[in-house]
Amino acid sequence: WRRDVARLVDGLGVERTEGGAVRIAGAALQGYDLQGLEVLGPEIAGRAGITLDRRGTKRVASFIFHGARDGTIPLSGGFEVARQRGRFVFRRTRPRLLTKASVPLRDGLEIGVWRFRRAEVAAGAVGVWSAVFPATALPVVRAWRAGDRMVAAGLGTPRRVKRFFGDSGIPGSDRGGWPVVLVGEEIVWIPGVRHGPARGGGDDGTIRYVCERVGG
């Protein structure tokens, strides 16, 4: 019976991420009733290292069955299930940044699920996951806050960071603890989302940082 369930889940298009999370399209689970989802849920969760007890099995089945909107539910053992853009993601609970803390940006900085590292300035085009700063700048990192605004490159007026998330398709369940980089009091980079106004390097050159998300 367990082998049959495993083969059934194999055919539903379950994907594993580098961070150990497991994703499955909500469309693949449509048509199953609550009892059917209570059978499939533990097998799907187990592929992310999650062991569901009776209560957790029922909560996951109900979340999938009724989950019309993006959101997240916690599970025991430091795990969670998130619905985002039509997919269900089984993963470890993502640590959040301290909303009031600002940390100096430096090579090898790890904070929450984010890692920052130095890179060669000339190493390819600068995308939204990297940014170049004057060597004399003193950038800091903190979590974004409700009401934060940034003047994006190419725009003349500030917009809410929340709107940039929406433009980039970042679901609400993933925004908690998302980092922003500031120079002084000004947000100059939202990693993975948008850059602020370009900043010249002056005579002291420039430094390039790359941001990477660790985990699923």
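Below, the structure is looked at part by part.

Each value, and the rule that gives it
Residues numbered from 1 in each chain as written. Predicted model: local features only at pLDDT ≥ 70, side-chain atom pairs only at ≥ 80, totals over all residues. Heavy atoms only, no water. Pairing = 2+ DSSP bridges. Helix = DSSP H or I, 4+ residues; strand = E, 2+ residues; numbered from the N terminus. Core = buried A, V, L, I, M, F, W, Y, C linked by side-chain atoms within 4.5 Å. Buried < 20%, exposed > 50% of the residue type's maximum accessible area, 1.4 Å probe, protein only. Contact = heavy atoms within 4.5 Å. Phe/Tyr/Trp six-rings, centres within 6.5 Å; stacked < 30°, edge-to-face > 60°. Lys NZ or Arg CZ within 6 Å of the ring centre and 35° of its normal. Arc of directions from axis to C-beta. Polar contact = N/O pair within 3.5 Å; in protein donor to acceptor, adjacent residues only side chain to side chain. Axes fitted to C-alpha atoms, helices over the stretch in contact; angles between N-to-C directions. Parallel < 35°, antiparallel > 145°, perpendicular 65-115°, else oblique. Nonpolar A, V, L, I, M, F, W, Y, C, P; charged D, E, K, R; others polar.

Moving on: the sheet that holds strand 15 (residues 194-195). What the five strands build is an open sheet, ordered 6-10-13-14-15; its pairing is antiparallel. The sheet is open, and its two edges are formed by strand 6 (103-104) and strand 15, each paired on a single side. Examined bridge by bridge, strand 10 (residues 140-143) and strand 13 (residues 179-183) share four bridges and lie antiparallel to one another. Following the sheet pairing, Ala143 is matched in strand 13 by Pro179.

Counting residues in each nonpolar core, the largest one holds 31 residues, and the members touching the most others are Phe116, Phe133, Trp189 and Ile190. For this core, the elements supplying multiple residues, two or more each, are strand 7 (109-111), strand 8 (114-119), strand 9 (130-134), helix 4 (161-168), strand 13, strand 14 (186-190) and strand 16 (206-213). Ignoring anything within four residues of it in the chain, the contact list for Ile190 reads Val128, Met150, Val161, Phe164, Phe165, Trp178, Pro179 and Val180. Grouped together as the second largest cluster of nonpolar side chains are 23 residues, Leu12, Val60, Leu75 and Phe88 included.

Further remarks concern the packing of aromatic side chains. Taken as a whole, this structure holds nine aromatic pairs when the rule is applied. Ring centres 5.8 Å apart and planes at 80 degrees place the aromatic pair Phe63 and Phe88 in the edge-to-face group. One end of the pair, Phe63, is in helix 3 (residues 54-66); the other, Phe88, is in strand 5 (residues 87-92), with 25 residues separating them in the sequence. Both residues of the pair, Phe63 and Phe88, belong to the buried class. A network of ring pairs unites the aromatic residues Trp114, Trp129, Trp144, Phe165 and Trp178 as a single cluster. Sitting over the face of the ring of Phe164, Arg159 holds its NZ or CZ atom 5.0 Å from the ring centroid.

So, about helix 4. Taken together, the buried positions of helix 4 are Val161, Phe164 and Phe165. Looking straight down helix 4, one finds its buried side chains confined to an arc of 105 degrees; they lie on one side. Of the exposed residues in helix 4, the ones pointing more than 90 degrees away from its buried face are Lys162 and Asp167. On its buried face, helix 4 is in contact with strand 11 (149-150), strand 12 (159-160), helix 5 (172-175), strand 14 and strand 15.

To continue, consider the pairing of strand 10. By the bridge criterion, two bridges tie strand 6 to strand 10 in an arrangement that is antiparallel. Along strand 10, the bridge assignment pairs Pro104 with Val140.

This part covers the environment of Trp114. Tracing the chain through its elements places Trp114 in strand 8. You can call Trp114 buried: its relative accessible area is 4%. For Trp114 and Arg213, which are 99 residues apart along the polypeptide, the C-alpha to C-alpha distance reads 4.7 Å. Excluding residues that lie within four positions of it along the chain, Trp114 makes contacts with Leu109, Trp129, Gly177, Trp178, Pro179, Cys211, Glu212 and Arg213. Within the local environment of Trp114, its side chain forms a polar contact with the backbone oxygen of Gly177, the two atoms lying 3.5 Å apart.

Take the packing of helix 1 (residues 2-10) against helix 2 (residues 34-46) next. Orientation of helix 1 relative to helix 2, taken along the N-to-C sense of each, is 75 degrees, at an axis distance of 10 Å. The angle between helix 1 and helix 2 falls in the class roughly perpendicular. For the pair formed by helix 1 and helix 2, the contact residues are Val5, Ala6, Leu8 and Val9 on the first element and Val39, Leu40, Glu43 and Ile44 on the second. Taken together, the residues that form the contact of helix 1 with helix 2 break down as seven nonpolar, no polar and one charged.

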